[in-house]
Amino acid sequence: MSSTFNPAALGRAEPSHAASPGEPSALPLPVVRRESPRAASGRPRLWPILSRLRSLALGLVLVGGGLAAGAVLQARGILPFPSGETVAPAAPLPAASGEEAAAVFGLGRLLPDGFVVTVAPPFGAGDARVARLLVAEGERVEQGQPLAELDNRPQLLAALASAEAAVHLREAELARQRVSVAASRTETRAALERAEVAAATARRELERSQELLARGHVTRATHDDAGARSQAADREVESARATLGRYTADAPDAQADIAVALRNLDAARASLGLAQADLARSMVPAPAGGVVLDIHVRPGERPGERGILDMGDIDKMMAEIEIYQSRIGAVETGDAVEITGEAFSGTIAGTVQQIGWDVGRQTATGADPAARTDARVIKVYVAIDPADIARVRRFTNLQVTARIETGEGT
């Protein structure tokens, strides 16, 4: 019997077996290579698809780039459109007007004329606290007016009383010395007169003894005694004169005892002056006239770095404007300024009064979070027009925007 070909057998390999007797031998079937399921799953079946997609995307990018380049060239008039028309180049953006180009802008703040004065405790106050506040916010004060009282005042008052008592004591000592000197001068003058009378009497006795000795009426010993008494009387006169010299100086207060008393009185008066100065430091005076803007401490608190209060002369106002260093060259003294702010309507006028000498970091910034905060600026001080001061006198440290008219556009 002839063998037939079975297509289903191509996918598998049949084991070989011996033909039965009397039958012809079967033809060997082809053996197809087998692969395990793991090996089949490891082959990247999606790789051809991905390759086609990448080629397609690259082609689209190239085509799009060519179309865009052509559109740009056509827009610039380099390449004609398919219809043969050309498009003129786009007109440039209009430049800033001469008025805007001649202006310099900057942020700043309003300040009293002469700046804000921070009143601190007097020198030597130490750890003294505020006992009483003598002014309120918004109150107008004059120069030298007491603003606050410190709690060291009672101790300083006691020290002042002690110094005053010491002065009175030294004054009494001086008066006593003057009376004593006057009395001593009188006594010494009387003693000198007595000594001079005694010396004169001793000299006459000596002369008489000399005559008697020449006549032989007295002995040498008697004569020698008369001479000794005369010399002693002369010494008493000299001593009285020297004592009287202590109390008969050219100026009455030049006498030694009185001079010492005067120097003691001067020292006591110096101590009194020191006590008075210490007492003055228990009060905080106004350094200048103005208005109290803000109070930083309350009774019982020790003043810190911010001081006791801020004050300023708001009858004259100015603006401190920060100008970029690249634009400061266009600003000159006398330039007109327009200032705007959120706390008042319209604008206020001013004039550039002074241009700073120091380049510093910007401190006045706008609300834009992307605004530069490390820019280098120079401060320009603007005097506010007196007619506009009444509108802004209450707005110390208000942030404003300034527009400075410069001469660049002329």
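For the structure itself, look to the data block above.
Everything quoted here is computed from the prediction, not taken from an experiment. (Residues numbered from 1 in each chain as written. Predicted model: local features only at pLDDT ≥ 70, side-chain atom pairs only at ≥ 80, totals over all residues. Heavy atoms only, no water.)

Colleague: How would you summarise the layout of surface pockets if you had to cite specific residues and measurements?
Modeller: Taken as a whole, the second largest pocket holds about 260 Å³ of empty space. If you go around the second largest pocket, you meet 13 residues; those closest to its centre are Val291, Val292, Leu293, Arg393 and Arg394. Sorting elements by how many residues they give to the lining of the second largest pocket places strand β6 (residues 290–295) first, with four residues. Taken together, the residues of the lining of the second largest pocket sort by class into five nonpolar, three polar and five charged. (1 Å grid on protein atoms, 1.4 Å probe; cavity = no way out; pocket = protein on both sides within 12 Å on 5 of 7 lines; lining within 4 Å. Points joined across faces, edges and corners; volume = space filled by probe spheres on them. Helix = DSSP H or I, 4+ residues; strand = E, 2+ residues; numbered from the N terminus. Nonpolar A, V, L, I, M, F, W, Y, C, P; charged D, E, K, R; others polar.)

Colleague: Explain helix α6 (residues 256–280) to me, and be specific about the residues and the numbers.
Modeller: Helix length check: α6, at 25 residues, gives a terminal C-alpha distance of 36 Å against a target of 36 Å (1.5 Å per residue), a fit within 8%. All of the buried residues in α6 are Ile258, Ala261, Leu262, Leu265, Ala268, Leu272, Ala275 and Leu279. (Expected span 1.5 Å × (residues − 1). Buried < 20%, exposed > 50% of the residue type's maximum accessible area, 1.4 Å probe, protein only.)

Colleague: I'd love a proper account of the pattern of salt bridges, names of residues and values included.
Modeller: Across all of its chains, the model carries 15 salt bridges by this definition. Here arginine 306 makes a salt bridge to aspartate 294, at a shortest N to O gap of 3.9 Å. Highlighted residues: arginine 306 in the loop between β6 and β7 (309–324) and aspartate 294 in strand β6, separated in sequence by 12 residues. The exposure class of arginine 306 is exposed, given its relative accessible area of 55%. On the basis of relative accessible area, aspartate 294 is assigned to the partly exposed category, the value being 27%. Where aspartate 315 meets arginine 393, a salt bridge forms, and the shortest distance between an N and an O atom there is 2.7 Å. Of this pair, aspartate 315 sits in strand β7 while arginine 393 sits in the loop between α7 (389–392) and β11 (399–405), and the two are 78 residues apart along the sequence. Given a relative accessible area of 38%, aspartate 315 falls into the partly exposed group. Linked through salt bridges whose partners overlap, the residues forming this network are Arg109, Glu320 and Lys379. (Salt bridge = Lys/Arg side-chain N within 4 Å of Asp/Glu carboxyl O.)

Colleague: Now, about a nonpolar patch on the surface: what can you tell me, with residues and values included?
Modeller: A surface patch of nonpolar side chains, amounting to about 320 Å² of accessible area, comprises Leu53, Leu56 and Leu60. Along the chain, leucine 56 falls in helix α2 (residues 47–75). (Patch = residues over 30% accessible without salt bridge, like charges linked within 9 Å, V, L, I, M, F, W, Y side chains within 5 Å. Areas by Shrake-Rupley, 256 points an atom, 1.4 Å probe, with all protein chains shown as cover.)

Colleague: Can you explain the packing of helix α4 (residues 153–215) against α6? Please cite residues and give values.
Modeller: At their nearest, the axes of α4 and α6 sit 8 Å apart, and the two run at 165 degrees to each other. As judged from the angle between their axes, α4 and α6 are roughly antiparallel. When you trace α4 past α6, the crossing you get is left-handed. Partitioned by chemical class, the residues of the contact of α4 with α6 number 17 nonpolar, four polar and nine charged. (Axes fitted to C-alpha atoms, helices over the stretch in contact; angles between N-to-C directions. Parallel < 35°, antiparallel > 145°, perpendicular 65-115°, else oblique. Left-handed = near helix turned anticlockwise from the far one by under 90°.)

Colleague: An account of the pairing of strand β1 (residues 103–119) is needed here, citing residue identities and associated values.
Modeller: Looking down a regular strand, the side chains alternate between one sheet face and the other. Relative to β11, β1 is paired through seven bridges, and the arrangement is antiparallel. Across the sheet, residue glycine 108 finds its bridge partner in β11, namely valine 400. Examined bridge by bridge, β1 and β7 share 10 bridges and lie antiparallel to one another. The partner of glycine 108 across the bridge, within β7, is isoleucine 321. (Pairing = 2+ DSSP bridges.)

Colleague: Help me get a handle on the packing of α4 against helix α5 (residues 220–245), residues and values and all.
Modeller: Relative to each other, α4 and α5 sit at 160 degrees, their axes nearing to 8 Å. Taken together, the axes of α4 and α5 lie roughly antiparallel to each other. Between α4 and α5 lies a crossing of left-handed hand. For the contact of α4 with α5, the class distribution of residues is 13 nonpolar, eight polar and 10 charged.

Colleague: Describe the packing of aromatic side chains, and please don't skip the residues or the numbers.
Modeller: What characterises a pair of aromatic rings is the spacing of the ring centres plus the angle enclosed by the ring planes. Within the structure shown, the criterion is met by one aromatic pair. Pairing phenylalanine 115 with tyrosine 381 gives two aromatic rings, centres 5.7 Å apart and planes at 85 degrees, and the pair type is edge-to-face. In this pair, phenylalanine 115 sits in strand β1 while tyrosine 381 sits in strand β10 (residues 376–384), placing the two residues 266 residues apart along the sequence. A relative accessible area of 37% places phenylalanine 115 in the partly exposed class. (Phe/Tyr/Trp six-rings, centres within 6.5 Å; stacked < 30°, edge-to-face > 60°.)

Colleague: Describe in detail α5, supporting the description with residues and values.
Modeller: Helical geometry note: an α-helix holds 3.6 residues per turn, so side chains three or four residues apart project in the same direction. For α5, built from 26 residues, the straight-helix expectation of 38 Å at 1.5 Å per residue is met to within 8% by its first-to-last C-alpha distance of 38 Å. Listed in full, the buried residues belonging to α5 are His223, Ala226, Gly227, Ser230, Ala233, Val237, Ala240 and Leu244. Packing partners of the buried residues in α5 comprise α4. (Contact = heavy atoms within 4.5 Å.)

Colleague: Break down the side chain of glutamate 320 for me, with residues and values.
Modeller: By secondary structure assignment, the location of glutamate 320 is in strand β7. Residue glutamate 320 is classed as buried on the basis of its relative accessible area of 6%. A distance of 2.6 Å separates polar atoms of two side chains, one belonging to glutamate 320 and the other to arginine 109. Residue contacts for glutamate 320: discarding those within four places in its chain leaves Leu107, Gly108, Arg109, Leu111, Phe115, Lys379, Val380 and Tyr381. (Polar contact = N/O pair within 3.5 Å; in protein donor to acceptor, adjacent residues only side chain to side chain.)

Colleague: Kindly report on the nonpolar core, identifying the contributing residues and their values.
Modeller: Inside soluble globular proteins, nonpolar side chains tend to come together where they are buried. Core analysis: the biggest nonpolar cluster contains 26 residues, and Leu110, Ile339, Phe344 and Ile384 have the highest contact counts within it. At the level of secondary structure, the elements contributing two or more residues to this core comprise β1, β7, β8 (336–341), β9 (348–361), β10, α7 and β11. Of all the elements, β7 adds the most residues to this core, at five residues. Not counting the four nearest positions on each side in its chain, isoleucine 384 is found in contact with Leu110, Met317, Met318, Ala319, Ile339, Ile348, Ala349, Gly350 and Ile389. Within the second largest apolar cluster, 17 residues are counted, among which are Val119, Val141, Ala148 and Ile295. (Core = buried A, V, L, I, M, F, W, Y, C linked by side-chain atoms within 4.5 Å.)

Colleague: Break down the sheet that holds strand β2 (residues 130–133) for me, citing the residues and quoting the values.
Modeller: Hydrogen bonds between backbone groups are what pair the strands of a sheet, and the pairing can be parallel or antiparallel. Taken in spatial order, the three strands line up as β2-β4-β5 in an open sheet, and their pairing is antiparallel. The open sheet has two edge strands with one neighbour each: β2 and β5 (283–285). Strand-to-strand twist in this sheet, taken as the mean axis angle between neighbours without regard to direction, amounts to 25 degrees. Here three bridges tie β2 to strand β4 (residues 146–150), and the two strands are oriented antiparallel to one another. The partner of valine 130 across the bridge, within β4, is leucine 150.

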